[in-house]
Amino acid sequence: MGNSIFANCCKHVTDLIFQTRSFNSCDERSPLLPKPPASCTVSPDVPEASQCPGPYPDVIPSEAVTESLQKCTEYIQDSPEAKGEEETATACGSSCSKLGFAAAGLPQQTEASRALAVLPLDLEKGSAALLRGAQLLEACQCHVKLEDGSLGRRSCNQEEHVAATACGALPATPQRSPHCCGEATALKSETSFADPGSLSKCRSTAPSLGSCETLETSTSDLSANTEGIPSVPETVLSSLLCDEPLSQTQDTGADSALTDRTAWPSGSLNCDTGSKVHTLSSKQQKKRKRKKKLALLEHSSGVALMNGSGPHESLKGDKDARQNGHEEAEPGEDGNDQEVIVIQDTGFTVKICAPGIEPFSLQVSPQEMVQEIHQVLMDREDTCHRTCFSLQLDGNVLDNFAELKTIEGLQEGSLLKVVEEPYTVREARIHVRHIRDLLKSLDPSDAFNGVDCNSLSFLSVFTEGDLGDSGKRKKKGTEMEQIDCTPPEHILPGSKERPLCALQPQNRDWKPLQCLKVLTMSGWNPPPGNRKMHGDLMYLYVITVEDRHVSITASTRGFYLNQSTAYNFNPKPANPSFLSHSLVELLNQISPTFKKNFSALQKKRVQRHPFERIATPFQVYSWTAPQAEHAMDCVRAEDAYTSRLGYEEHIPGQTRDWNEELQTTRELPRKNLPERLLRERAIFKVHSDFTAAATRGAMAVIDGNVMAINPSEETKMQMFIWNNIFFSLGFDVRDHYKDFGGDVAAYVAPTNDLNGVRTYNAVDVEGLYTLGTVVVDYRGYRVTAQSIIPGILEREQEQSVIYGSIDFGKTVVSHPKYLELLEKTSRPLKIQKHKVLNDKNEEVELCSSVECKGIIGNDGRHYILDLLRTFPPDLNFLPVEGEEMPEECKKMGFPKQHRHKLCCLRQELVDAFVEHRYLLFMKLAALQLMQQKANKQESSGALENGASPENGTAESEKSESDDGKIDDNVTGLEQVKELAETIASDDGTVDPKSREVIRNACKAVGSISDASFDIRFNPDIFSPGVRFPESSKEVVQEQKQLLKDSAAFLLSCQIPGLVKDCLDHTVLPMDGATLAEAMHQRGINMRYLGKVINFITKTPGRAQLDHIFKIGISELITRSAKHIFKTYLQGVELSGLSAAISHFLNCFLSSFPNPIAHLPADELVSKKKNKKRKNRNLGNADNTAWASMTPQELWKNICSEAKNYFDFSLECENADQAAEVYNLQKITLLREISLKTGVQILLKEYNFDNRHKPTFTEEDILNIFPVVKHVNPKASDAFHFFQSGQAKVQQGFLKEGCELINEALNLFNNVYGAMHVEICACLRLLARLNYIMGDYSEALSNQQKAVLMSERVLGIEHPNTIQEYMHLALYCFANSQLSTALNLLYRARYLMLLVFGEDHPEMALLDNNIGLVLHGVMEYDLSLRFLENALAISSKYHGSKSLKVALSHHLVARVYESKAEFRSALQHEKEGYTIYKNQLGEHHEKTKESSEYLKYLTQQAVALQRTMNEIYKNGSNANIMPLKFTAPSMASVLEQLNIINGILFIPLSQKDLENLKAEVQRRQQLQESIKSGEQVEPEDKALEEKEAEPSMPSAEIPLTQSSA
């Protein structure tokens, strides 16, 4: 027992000292949360760090295996006491953060694997409020696209800057609140609401969110708070928590804007009066008053033993990590003042009077700008055709960018008049573009073509609009007979068909109502001078549906028909002449069909969910598309020839200075919350614009549409500048990477560099600048797009570089300012300051790798670039002469020669390794202190335990197991903590022996300081060409050892950890991307994929890892194929592209033995060979070499690539063998290769197995898209709220959790706009909370948004989307929408079959859901097919003795009972009973329930038998007892659904709540007693046993369950 407490203490100490940090993006960092060890020892081969679940805050991972509940329990003992009144609840926060109602089946990884998400708050309420924010964004984009750009540019910038400053400021009143409960940072959130319709924008916020780690504790319990440091007075603690003086209260006046206007879809003009999400009920308001503080952080971070000393800025470098000297609160202030934001946001109503329609009223808020009312009017069905108007109040024109509250005389009930204004050329263009957008509003072609951030969504096809009105639809649930439940054939269990067409069901709305045949610019443009002077602005040419050809003049006064024809110019007005201010009014008069169809179209448009129409922040491409007819479109044509090809981008004054925009946004102030929101919003907006521009530019470069800046050089060497962005190709120019692997190194360098940029951006040091960087893979080429440092083009690189080296370490220079700036990043990035020798043998000090260059631009900013070696090298792939690798590495065949020498460890790995070492350090120190104490008592005797790194672990484990004294252990760790603090604070009171203890422990773990734990890496070790001075020889040796240890750690801890998580089902990848994500979170690079698969094949529970093995193999095959495809495509010229791609796919997937490539048709090949152009093509000279590839050759190459790159031997010679040997689906391989290479194929059924003709023709290849990698800027404050909300939820405070998460949602909307993955996670969690708290319709509405957003932002068949569909189905069922629920489940099952196949643990959950719903609608036979399939899959993946399987048996038994087949029912229930009895014991309630049900079934069976006998005996006149056949009630089905989905309803009765409180108090006393060192073993044991009983079959519910 002592051991377990010892382990707990270790955990505590770590929690206090070495805060876990988490990164909120799936591709950036993972929080490495040490999992509490179940016994005392932390086995050396599976470090805690590796056992953590995915870092996704949105997932509240459930435990997949019941038994894990027990591990959770010993932790409960050290749950902290929270200080607030109702905040006493146990924080059962083992690192898995097993939230009780996290779905049993939520495959965390995927679920998680999406980084966080965020959403606009109530978009769907009231059509007028729909898209305001998003549209501003659109408006803003459309202005930019116009040709006469100077105006467009200005307006756009006004959107971004003017709008930003003029917009909804938060009138924040600085208030001081005494620090009453001593919580670290308190939030005061008081919002005043006027009427229910008013919206509180960002309601409560905690600006001084403290140093990063405080909030970053991702899923580990946020509440492991101060109880560990009794010695520190509360006030000091609170000041330590915030590196910014808490006293800086906020005094933003009305000018501090919250965010640029696009941010406000949530807050703006809500036309709906009962906006649920925003308005808190009066009860909640009272509660807020009572509970002034939502204690956001209860985590102390003021302890000295960080990695280094002083608060540890974790990498995510939370945007308020202050580098400007405010490290502690100023003395005398005691950190007692909170920064408080109070928002007075009382909405009011105005009347709008527009020409031609009845006046209507509109709900507005004082924070809004006049511009937003414009947007609403341009979106409303009856006013959408107006674009050129002003709003007037009592005859005064309102300024577009004025806030409503600044306008005199504007009040409740004011009348605003819409007054038509004269047009200008610009306004006329905007009008035509707007009308075209309205005509195209239901047309999905932009989404298929990957244009303008449009993407697909199919949810509405399956819900048939059923979810409207937030799901408060009339309940059809009762009329069950009408429901057609039969699933399509291909969805049934066991079906082998995998149709592709079903992926994109035809949406009825997509056959758009035709309003016009043609609307285009006339060939008579621009008007000649004499017509200009009559007010002609431009001419349009229209063909109506009735086939009438007309010419239209756009003049300053409006639109009218003129008398021109296609060949004669006659600008005079036609007879009769209608002059209309709006083009729509004119067309209504000349075409009856237009009038009818246009109004129908607008009706449909406003009925769509706004999330189907808002643009996504980054373009999402679809890998399939139907055959679309190409229609005439004037705007598209104009875009292509102006903004698209760099025509408009070269007009002076027109291009955006990307570098200036990117750097200026970083320089925005960030002292308080509104400032940070504004800054993050601006950073995010500029990044997404830059990414879009860079992608367009990169495509233009590869397609040959941009002139090189060095045109005379060979093609591979060329560089380009377009739209103020610098483009270079991924080839080794001038042998720069000769020593590193040539072209191969040049290809990976950009992605390494991008990771470096990402990392430095995340640390966010003031004064240090990085370049905007985007890496684009397109048509086999890699293009790096970077913003341009001012002045860099005018001088030679040698002159510019004042820090670092331009020739990999021969000449090296340094600069004090750079050292100072980089020093600030060294702790979070674990980079060691070191000296290197230059070519003159002088020592130069650096704080980064030598390649990292520092350049001061003409703007005086300090830029760093070439960050490709930010992280230390991976020695497993870097054989070095004379260096011996550790045993673990040699066993697995390392070091291995890789094709380049730029292999680095991932940042996640570095963090995990440091965390691992930290635990080791704590243990060593604690043991030594205890031994010292023991020695003192016996007599005395010095202790020598300077374990060397190799045997440190073993020694610590040995001594750990010998030692069973609880109190000694506890005090030992306490001592280490205090000791470390005192040593770090460097006063002379520490006795030398204790110093010695810390010094030994530091030495044992390889710390660079001997007074505190501080591990850092030198990124230049083993770098070719870098030399170190003699003086640092010893340090370099230690560094080499550290690198070897970390390489070994990856193999011995992280890979086994990953596999173990897969076995436990805490990680559930469903496709290649989610597997890659799971690996990356644990710091495992994809080049280890072969090793991971090998490890799986050797794992004892191999069958339970079948799904991972299968995904691994298909990932291995498609990645190898992608490598080959890349070089293959470089040899293809544009005209042969579709033929070449279809040929490649035939060789890769088709069973047809000898596909023949179709070369471009001969009649098009010019007879005269043009000699001059041979230089243009980037590839090799023979442009038809690709045509000779055969399937045998391709598969041979794939196998050798897999062997060389991944070190894995594939046993297959063609696609058919691969599919057979590894049980793969060809359709899945097709999806994976298309997503990886950007190929888009035609949506049709492909026959892969036809041996007589090839599968693909060139007509099947529709497009090739770029694959883009970029930085994802984060919303840090919102993320903190999200995490705190999660932590609250995990402690059982649902209401508070819900408020915090709503808050996070508001802030996320502020930063990201309406669409983002993180908003998606937020909505999912909100929906889940709504559901648990009984608000089904709200749950439905939030989950519907989550599904739409997941489809739009991640893709329609992304694993995350499949999850979201399942949740939505559950909430639909709860809302009695049975047929919709079934449709959604069928859709989820179809997608899963396509993405993976049937044999996946998640499929069991899905089939249980389908089976239960079918049981509910009395489709018993169908239901059994699904339930029995689920039973088979559960038995395979969870073992036939698991509780999941017992539950499955019970579900099957219930259906058999309903069918009156009692024998089968009994058989299944008996199986279940046996499992319960063995797993849980006779007396567990589950076992009792099961035995009751068995009795009942037996009675029924006997009764039935009796009746049958009676009938046999007496024939038809038998006296028959009526039998009870039970059709299941909806409530019972819902209850079972909740159980399988791992949702536990929180106990609601008063008595339960009291029990819960009593339990919490008991635990607290228990802890007190542990602390005071009493022997509490007996009680302890009882508690563990009690906790160990899972009280639900799914055991997915560790939510303070003991008493519930």
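Quick summary incoming for the structure in this document.

Cut-offs applied
- Residues numbered from 1 in each chain as written.
- Predicted model: local features only at pLDDT ≥ 70, side-chain atom pairs only at ≥ 80, totals over all residues.
- Heavy atoms only, no water.
- Helix = DSSP H or I, 4+ residues; strand = E, 2+ residues; numbered from the N terminus.
- Buried < 20%, exposed > 50% of the residue type's maximum accessible area, 1.4 Å probe, protein only.
- Contact = heavy atoms within 4.5 Å.
- Phe/Tyr/Trp six-rings, centres within 6.5 Å; stacked < 30°, edge-to-face > 60°.
- Pairing = 2+ DSSP bridges.
- Axes fitted to C-alpha atoms, helices over the stretch in contact; angles between N-to-C directions.
- Core = buried A, V, L, I, M, F, W, Y, C linked by side-chain atoms within 4.5 Å.
- Polar contact = N/O pair within 3.5 Å; in protein donor to acceptor, adjacent residues only side chain to side chain.
- Patch = residues over 30% accessible without salt bridge, like charges linked within 9 Å, V, L, I, M, F, W, Y side chains within 5 Å.
- Areas by Shrake-Rupley, 256 points an atom, 1.4 Å probe, with all protein chains shown as cover.
- Salt bridge = Lys/Arg side-chain N within 4 Å of Asp/Glu carboxyl O.
- Parallel < 35°, antiparallel > 145°, perpendicular 65-115°, else oblique.
- Left-handed = near helix turned anticlockwise from the far one by under 90°.
- Nonpolar A, V, L, I, M, F, W, Y, C, P; charged D, E, K, R; others polar.
- Expected span 1.5 Å × (residues − 1).

1. So, the overall build of the chain
Phase 1 of the analysis: Counting its regular elements, the chain contains 48 helices and 25 strands.
Phase 2 of the analysis: For the chain, with 1604 residues in total, the buried portion stands at 65%.
Phase 3 of the analysis: Of the contacts made within the chain by residues no fewer than 6 positions apart, 78% connect residues no fewer than 24 positions apart.

2. Details of the packing of aromatic side chains
Any two aromatic rings considered together are summarised by their centre-to-centre distance and by the angle between their planes.
Phase 1 of the analysis: Inspection of every chain in the model, using the stated rule, returns 36 aromatic pairs.
Phase 2 of the analysis: Geometrically, the ring pair formed by Phe462 and Tyr1365 is edge-to-face, given 6.3 Å between the ring centres and 90° between the ring planes. Of the two residues, Phe462 is situated in helix H12 (residues 459–463) and Tyr1365 in helix H39 (residues 1359–1374); the sequence distance between them amounts to 903 residues. Tyr1365 carries the same exposure label as Phe462, and that label is buried.
Phase 3 of the analysis: Here Tyr621 and Phe1265 contribute two aromatic rings whose centre-to-centre distance is 4.5 Å and whose plane-to-plane angle is 25°, an arrangement assigned as stacked. Residue Tyr621 is located in the loop between helix H15 (592–607) and strand E12 (624–625), and its partner Phe1265 is located in the loop between strand E24 (1261–1264) and strand E25 (1267–1270); the two are separated by 644 residues in the primary sequence.
Phase 4 of the analysis: When its relative accessible area of 4% is taken as the criterion, Phe1265 is described as buried.

3. Structural notes on the sheet that holds strand E8 (residues 516–521)
Phase 1 of the analysis: The four strands are arranged E8-E9-E10-E11 in an open sheet whose pairing can be described as antiparallel. Two strands close off the open sheet at either side, each with one partner strand: E8 and strand E11 (558–562). Ignoring strand direction, the axes of neighbouring strands in this sheet form an average angle of 30°.
Phase 2 of the analysis: Pairing geometry for strand E10 (residues 549–555) and E11, over five bridges, is antiparallel. In the strand pairing of E11, Ile552 is matched with Leu561.
Phase 3 of the analysis: Sheet strands touched by helix H10 (residues 425–439): E8, strand E9 (536–544), E10 and E11. Its angle to E9, the strand with the most contacts, is close to 20°.

4. Thoughts on the environment of Cys353
Phase 1 of the analysis: Here Cys353 is to be found in strand E3 (residues 348–353).
Phase 2 of the analysis: A residue is classified by how much of its surface remains accessible, and Cys353, at 22% relative accessible area, is partly exposed.
Phase 3 of the analysis: Among residues more than four places away in sequence, those in contact with Cys353 are Pro359, Leu415, Leu416, Lys417 and Val418.

5. Some remarks on the nonpolar core
Phase 1 of the analysis: Phe1148 and Leu1210 are the most contacted members of the largest nonpolar core, which has 282 residues in total.
Phase 2 of the analysis: The contact partners of Phe1148, leaving out residues within four places of it in the chain, are Ile1117, Thr1118, Ala1121, Leu1194, Trp1195, Ile1198, Ala1215 and Ile1233.
Phase 3 of the analysis: Counting 30 residues, the second largest nonpolar core, distinct from the first, contains Leu540, Val542, Ala574 and Phe594.

6. Describing the sheet that holds E12
Hydrogen bonds between backbone atoms are what pair the strands of a sheet, whose relative direction is either parallel or antiparallel.
Phase 1 of the analysis: With respect to topology, three strands assemble into an open sheet ordered E12-E23-E24, the strand pairing being mixed. The sheet is open, and its two edges are formed by E12 and E24, each paired on a single side.
Phase 2 of the analysis: Relative to strand E23 (residues 1239–1242), E12 runs parallel, the two sharing two bridges. Residue Ala625 lies in a different strand from E23, and its bridge partner there is Leu1242.

7. Regarding the side chain of Ser457
Phase 1 of the analysis: Along the chain, the position of Ser457 falls in the loop between helix H11 (445–449) and H12.
Phase 2 of the analysis: Of the polar contacts made by the side chain of Ser457, one reaches the side chain of Glu1351; its length is 2.9 Å.
Phase 3 of the analysis: Setting aside anything within four residues of it in sequence, one finds Ser457 in contact with Glu612, Leu1348, Glu1351, Arg1352 and Ile1356.

8. Looking at a nonpolar patch on the surface
Phase 1 of the analysis: Taken together, Met1508, Ile1511 and Tyr1512 make up a surface patch of nonpolar side chains, about 310 Å² in accessible area.
Phase 2 of the analysis: The class of Ile1511 is partly exposed, set by a relative accessible area of 34%.

9. Some points on the packing of helix H29 (residues 1089–1098) against helix H30 (residues 1106–1130)
Phase 1 of the analysis: Between H29 and H30, whose axes approach to 10 Å, the crossing angle comes to 150°. Judged on the interaxial angle alone, H30 and H29 are roughly antiparallel. At the point where H29 passes H30, the crossing takes the left-handed sense. Contact residues: H29 offers Leu1089, Gly1090, Ile1093, Ile1096 and Thr1097, while H30 offers Ile1108, Phe1109, Gly1112, Ile1113, Glu1115 and Leu1116.
Phase 2 of the analysis: Its residues placed into classes, the contact of H29 with H30 shows seven nonpolar, three polar and one charged.

10. Structural notes on helix H35 (residues 1276–1290)
Phase 1 of the analysis: Over its 15 residues, H35 extends 21 Å from the first C-alpha to the last, a length consistent with the 21 Å expected when each residue adds 1.5 Å.
Phase 2 of the analysis: The buried fraction of H35 is high, at 15 of 15 residues.
Phase 3 of the analysis: Phi for Gly1292, located one or two positions after H35, is positive at around 95°.

11. Some thoughts on the pattern of salt bridges
Phase 1 of the analysis: For the structure shown, the criterion picks out 67 salt bridges.
Phase 2 of the analysis: Of the charged contacts in the structure, one is a salt bridge between Asp547 and Lys517, with a shortest N-O distance of 3.3 Å. Placement of Asp547 in the loop between E9 and E10 and of Lys517 in strand E8 is noted, with a sequence separation of 30 residues between them.
Phase 3 of the analysis: Accessibility expressed as a relative area gives 45% for Asp547, which makes it partly exposed.

12. Topic: the pairing of strand E7 (residues 415–420)
Successive residues of a regular strand alternate their side chains across the two faces of the sheet.
Phase 1 of the analysis: Judged from the three bridges that link them, E3 and E7 form a sheet pairing that is parallel. Bridged to Ile352 within E7 is Leu416.
Phase 2 of the analysis: Relative to E7, strand E5 (residues 389–393) is paired through five bridges, and the arrangement is antiparallel. Opposite Phe389, over in E7, you have Glu420 as the bridge partner.

13. Observations concerning the environment of Val1059
Phase 1 of the analysis: Tracing the sequence through the fold places Val1059 in helix H27 (residues 1033–1064).
Phase 2 of the analysis: Relative accessible area serves as the criterion here: at 4%, Val1059 is assigned to the buried category.
Phase 3 of the analysis: With 36 residues separating them in the primary sequence, Val1059 and Phe1095 have C-alpha atoms 7.9 Å apart.
Phase 4 of the analysis: Beyond its immediate sequence surroundings of up to four residues, Val1059 is in contact with Phe1095, Ile1096, Thr1099 and Leu1105.

14. Examining unusual backbone geometry
Note on backbone geometry: most residues besides glycine have negative phi, and most peptide bonds are trans.
Phase 1 of the analysis: Along the chain, Asn525 connects to Pro526 via a cis peptide bond; the corresponding omega equals -15°.
Phase 2 of the analysis: Note that the residue after Phe894, namely Pro895, is joined by a cis bond; omega there is 0°.
Phase 3 of the analysis: As for its position among the elements, Pro895 is in the loop between helix H22 (887–891) and helix H23 (907–938).
Phase 4 of the analysis: Its identity as a non-glycine residue notwithstanding, Asp394 has a phi of 50°, on the positive side.
Phase 5 of the analysis: Its place among the elements puts Asp394 in the loop between E5 and strand E6 (396–397).
Phase 6 of the analysis: At Ala1460, a position not held by glycine, the phi torsion is positive, near 65°.
Phase 7 of the analysis: Mapped onto the fold, Ala1460 is located in the loop between helix H43 (1443–1458) and helix H44 (1462–1480).

15. Let's talk about helix H34 (residues 1226–1237)
Phase 1 of the analysis: Taking 1.5 Å as the rise per residue, H34 with twelve residues should run 16 Å; its terminal C-alpha atoms sit 16 Å apart, in good agreement.
Phase 2 of the analysis: Within H34, burial applies to Lys1226, Ile1227, Thr1228, Leu1229, Leu1230, Arg1231, Glu1232, Ile1233, Ser1234, Lys1236 and Thr1237.
Phase 3 of the analysis: Of the residues one or two after H34, Gly1238 is the one with positive phi, at around 85°.

This is a description of form; function is not addressed.
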